[in-house]
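Residue-level listing of the chains:
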Amino acid sequence: MIIIGVDFHPEFQQIASVDTETGEFQEKRLGHREEAERFYRELAAAGQKMRVGMEASGHARWFERLLAELQIEPWIGDAAEIRARRVRKQKTDRQDAQLILKLMLKDDFPQIWVPSWENRDVRQLLWHRHRMVQARTRIMNQLQAVALNEGLRCKKRLWREHGRQQLEAFRLAPWASRRRRDLLELMDRLNPTIAELSQAIEQEVEKCPEAKRLMTHPGVGALTALAFVLILGKAERFGSGKQVASYLGLVPLEDSSGNRRRLGHITKQGSSMMRFLLVEAAQVTVRSVPEWRSKYLHLMMRRGRKTAKVAMARKLAVRLYWMMRKGWDYQQWVKFGSHAGQPGHRDGVL
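Scoring rules and cut-offs
Residues numbered from 1 in each chain as written. Predicted model: local features only at pLDDT ≥ 70, side-chain atom pairs only at ≥ 80, totals over all residues. Heavy atoms only, no water. Helix = DSSP H or I, 4+ residues; strand = E, 2+ residues; numbered from the N terminus. Buried < 20%, exposed > 50% of the residue type's maximum accessible area, 1.4 Å probe, protein only. Contact = heavy atoms within 4.5 Å. Areas by Shrake-Rupley, 256 points an atom, 1.4 Å probe, with all protein chains shown as cover. Lys, Arg positive; Asp, Glu negative; His and termini not counted. Charge placed at Lys NZ, Arg CZ, Asp CG, Glu CD. Axes fitted to C-alpha atoms, helices over the stretch in contact; angles between N-to-C directions. Parallel < 35°, antiparallel > 145°, perpendicular 65-115°, else oblique. Left-handed = near helix turned anticlockwise from the far one by under 90°. Nonpolar A, V, L, I, M, F, W, Y, C, P; charged D, E, K, R; others polar. Salt bridge = Lys/Arg side-chain N within 4 Å of Asp/Glu carboxyl O. Pairing = 2+ DSSP bridges. Polar contact = N/O pair within 3.5 Å; in protein donor to acceptor, adjacent residues only side chain to side chain. Core = buried A, V, L, I, M, F, W, Y, C linked by side-chain atoms within 4.5 Å.

Once that is clear, we can look at the overall build of the protein chain. When helices and strands are counted, the protein chain shows 14 helices and seven strands. A burial count over the protein chain gives 39% of its 350 residues as buried. For the protein chain, the share of sequence-separated contacts (at least 6 apart) that also reach a separation of at least 24 residues comes to 54%. With the model as given, the accessible surface of the protein chain reaches about 20700 Å², and the carbon-plus-sulfur share is 49%. Charge centroids of the protein chain, computed over 62 positive and 40 negative side chains, lie 11 Å from each other.

This is how it looks when you write it as structure tokens:
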């Protein structure tokens, strides 16, 4: 078998390889994409069995597809852990490739879970809708500013038919009028696109039993449920709810030593979209479940509104994780959850 350590860059890759049968060692710099494709295709055509290791990074989708096409075993490693294993203070592309190769040969390579191609493609659907909604929100905020400047104060009514008529009836200067017209046209173009993407997400949820179970929880819609299933992948990867919260970046930064303990803002590691959706869903849950509302108000009075929102989002993430791992819907969680049978337990407490 040929084992190859790859230090991947957008323009090129530095490789260090060894043939485990002959002991032959080779180093090479391959340009992207033609030279690299030719190199791997020639090895695959010669019937060589290969394993390729590299750090998790962006701009490598085409390379991963190439490895899958040639049936080359890919190992994707945690970049932070690989960096922590570097002993020498000098850092070059050659040394990075050699380090990856050394870790693979020692069976000490920090391999991470990689989602399937189907999983990644559906994630693109979620990200596309998320970005379209963000663009629409920015447009609506600009139009809201125009309305406020002209004395129209009803925010909720602005996007109804009567409010839109009022917005269009304002007499503005030529370029301000042009800006208003262009913004309204952009919003009219985005609305059908977002509706179409939302319908596609509903169709994807119908194919995913896990997402449908998560939707039984108050406040959790199709988008949040599907995103949670896709981003977590296999629930068995995590040993506890704390690990899930850390994976999603919902735990505080910590700098503690001795008797001093210092906590900062949340780490914000992982998917920013998932954190946003969890915060939004948790707010709906707070309005739907009295016990969640009581907890939220208590935290808000003690720690402030922002901290309370994040805390409820973390609570929801841990709840969804256990529902996903146990294969339970919301009613089963209420009945068989971790506090079932304890004094004061009743439906909706958890």
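Looking now at the packing of helix H5 (residues 117–149) against helix H9 (residues 222–232). Where H5 contacts H9, the axes come no closer than 10 Å and their chain directions differ by 140°. One way to sum up the angle between H5 and H9 is to call them oblique. Considering how the two elements wind past one another, H5 and H9 form a crossing that is left-handed. Contacts between H5 and H9 involve Asn119, Val122, Arg123, Leu126 and Arg129 on the former and, on the latter, Leu223, Leu226, Ala227, Leu230 and Ile231. Of the residues assigned to the contact of H5 with H9, the class counts are seven nonpolar, one polar and two charged.

Counting across every chain of the model gives 15 salt bridges. Ionic pairing is found between Arg41 and Glu37, a salt bridge with its closest N-O pair at 3.6 Å. In this pair, Arg41 and Glu37 both sit in helix H1 (residues 34–45), four residues apart, roughly one turn of the helix. Exposure remark for Arg41: the relative accessible area of 32% places this residue in the partly exposed category. Put simply, Glu64 and Arg120 hold a salt bridge, and the shortest N to O gap is 2.7 Å. Of this pair, Glu64 sits in helix H2 (residues 61–69) while Arg120 sits in helix H5, and the two are 56 residues apart along the sequence. Its relative accessible area of 15% is what places Glu64 among the buried residues. Within the structure, one salt-bridge network assembled from shared partners comprises Arg33, Glu37, Arg41 and Glu69.

The subject of this paragraph is the sheet that holds strand E4 (residues 50–55). Spatially, the five strands line up as an open sheet ordered E3-E2-E1-E4-E5, and their pairing is mixed. With partners counted over all chains shown, the strands left at the sheet margins are strand E3 (25–31) and strand E5 (73–77), one partner each. For this sheet the average axis-to-axis angle between neighbouring strands, irrespective of direction, equals 20°. Two strands pair when backbone bridges link them, and strand E1 (residues 2–8) and strand E2 (residues 12–19) are joined in this way by seven bridges, in the antiparallel orientation. What sits directly across from Ile2, in E2, is Asp19.

Let's shift gears to the pairing of E2. It is a general feature of regular strands that their side chains alternate between the two faces of the sheet. With eight of its eight residues buried, E2 lies for the most part within the structure. Taking every second residue as pointing to the same face, both faces of E2 are buried, with Phe12, Gln14, Ala16 and Val18 on one and Gln13, Ile15, Ser17 and Asp19 on the other. Across seven bridges, the pairing between E2 and E3 is antiparallel. Bridge assignment links Phe12 to a residue of E3, and that residue is Gly31. Connecting the antiparallel pair E2 and E3 is a turn made up of five residues, with Gly23 showing a positive phi of about 80°.

A few words on unusual backbone geometry. Put simply, His32 and Arg33 share a cis peptide bond, and its omega is -5°. Looking at where Arg33 falls in the secondary structure, it is placed in the loop between E3 and H1. Even without glycine at this site, Gln71 takes up a positive phi of about 60°. In this model, Asp107 sits at a positive phi of 60°, which is unusual for a non-glycine residue.

Attention now goes to the packing of helix H7 (residues 174–206) against H9. Packing of H7 against H9 brings their axes to within 10 Å, and their N-to-C directions diverge by 55°. Taken as axis vectors, H7 and H9 run oblique relative to one another. As H7 runs across H9, the sense of the crossing is left-handed. Of the residues in H9, those touching H7 at Ile201, Glu202, Glu204 and Val205 are Ala222, Leu223 and Leu226. Residue composition of the contact of H7 with H9, grouped by class: five nonpolar, no polar and two charged.

Here we come to the side chain of Arg51. Structurally, Arg51 is set in strand E4. A polar side-chain atom of Arg51 sits 3.1 Å from a polar atom in the side chain of Glu73.

It is worth spelling out the nonpolar core at this point. The biggest cluster of nonpolar side chains holds 65 residues, and the ones touching the most others in it are Phe228, Leu248 and Leu278. At the level of elements, H5, H7, helix H8 (209–214), H9, helix H11 (272–288), helix H12 (290–303), helix H13 (305–326) and helix H14 (330–336) are the ones that each hand at least two residues to this core. Residue contributions to this core peak at 10 residues, all from H9. Dropping the residues within four chain positions of it, Leu248 is found in contact with Phe228, Ile231, Leu232, Gln269, Met274, Arg275, Leu278 and Ala317. With 21 residues, the next largest nonpolar core counts Ile2, Leu30, Val52 and Trp62 among its residues.

Geometry only, nothing functional implied.
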